[in-house]
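These are the residues of each chain, in order.
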Amino acid sequence: MTASRTFARILVPIDFQPATDEQIAAGQAVLVEKQYIDYAPASLRSIALAAELAGLSGGTLILLHVTPPLAYSSMYTGSLTVGLSQQVMAEVHKAAYDTSIAALRAVAERHCAGIEVLFEARPGVPLSVILGESERHKADLIVLAASGRSRVARFFVGSTADRIIREASCPVLVVPAVPAGTPG
């Protein structure tokens, strides 16, 4: 395999969330469609590394954000059940998709100049969605940000990164939550 084909398709799961007032005041948040977004620092490092690899190999980045699923058609509160119609759930998923794609485009504009980038947003369990999108896009590499949980938390909760490393059909490069040499 030639160097230019080694990493032709690089999948990069990106984690972000609504920014806090403190992050907005400190200038750490990015305005995306009337909402301030905070990108996980390890996700930003993952994008930078993946973009560098894609630039060297002439590859394509696939930026992916996994949104929470609305797994049930109703929510339960004590004895009160409030049903959600399929239409309402479809609207929520569409809004999550649109916001996610806009947030991925915004981060790509800052970190992926000159790189071909595809954008994906899917509801579901991160492990399943990441592995599924890796297969669907025939990814040559997954560049994954570590969560930053402690070893004890990973032991009890499990680690998505650990499972992806074991189950992915392509190599997985894990970017630490805390950069090397940083106390934490």
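Refer to the structure above for everything that follows.
Residues numbered from 1 in each chain as written. Predicted model: local features only at pLDDT ≥ 70, side-chain atom pairs only at ≥ 80, totals over all residues. Heavy atoms only, no water.

A.B. asks: Hey, could you go over the side chain of S100 for me, with residue numbers and the actual values?
C.D. replies: As for its placement among the helices and strands, S100 is situated in helix α4 (residues 86-111). Once residues within four sequence positions are removed from consideration, S100 is found in contact with F16, H65, T67 and A121. (Helix = DSSP H or I, 4+ residues; strand = E, 2+ residues; numbered from the N terminus. Contact = heavy atoms within 4.5 Å.)

A.B. asks: Explain unusual backbone geometry to me, using residue names and the numbers behind them.
C.D. replies: You will see that K34, though not glycine, has its phi angle at about 65°, which is positive. Its location among the elements puts K34 in the loop between β3 (30-32) and β4 (35-39). Positive phi, normally seen in glycine, also occurs at K138, with a value near 55°. Counting through the fold element by element, K138 comes out in the loop between α5 (126-136) and β9 (141-145). Owing to a relative accessible area of 58%, K138 belongs among the exposed residues under this scheme. (Buried < 20%, exposed > 50% of the residue type's maximum accessible area, 1.4 Å probe, protein only.)

A.B. asks: Go over the environment of V66 with me, naming the residues and quoting the values.
C.D. replies: Within the secondary structure layout, V66 lies in strand β5 (residues 60-67). The class of V66 is buried, set by a relative accessible area of 18%. Expressed as a C-alpha distance, the spacing of V66 and P13, which sit 53 residues apart in the sequence, is 7.7 Å. With sequence-adjacent residues up to four places away left out, V66 is seen in contact with R122, G124, V125, P126, V129 and I130.

A.B. asks: Summarise the sheet that holds β4; cite the residues concerned and give the values.
C.D. replies: Spatially, three strands are ordered β2-β4-β3 in an open sheet, and the strand pairing comes out antiparallel. Two strands close off the open sheet at either side, each with one partner strand: β2 (16-18) and β3. Taking the axes of each pair of neighbouring strands and ignoring which way they run, one obtains an average angle of 45° across the sheet. Note: β2 against β4, three bridges, orientation antiparallel. Paired with P18 across the bridge in β4 is I37. (Pairing = 2+ DSSP bridges. Axes fitted to C-alpha atoms, helices over the stretch in contact; angles between N-to-C directions.)

A.B. asks: Quick rundown of the environment of L31? Include the residues and the values.
C.D. replies: If you trace the backbone, L31 turns up in strand β3. Counting along the chain gives 75 residues from L31 to A106, while the straight-line C-alpha distance between them is 8.8 Å.

A.B. asks: Outline the pattern of salt bridges, listing residues and values.
C.D. replies: Inspection of every chain in the model, using the stated rule, returns seven salt bridges. A salt bridge links D98 to K94; its shortest N-O distance comes to 2.8 Å. Note that D98 and K94 are positioned in helix α4 at a spacing of four residues, about one turn of the helix. The salt bridge involving E167 is made with R163; its shortest N-O contact spans 2.9 Å. Placement of both E167 and R163 in helix α7 (residues 160-167) is noted, with a separation of four residues, approximately one turn of the helix. Residue classification places E167 among the partly exposed positions, given a relative accessible area of 40%. A single network of salt bridges, built from pairs that share partners, joins E120, R122, E133 and R136. (Salt bridge = Lys/Arg side-chain N within 4 Å of Asp/Glu carboxyl O.)

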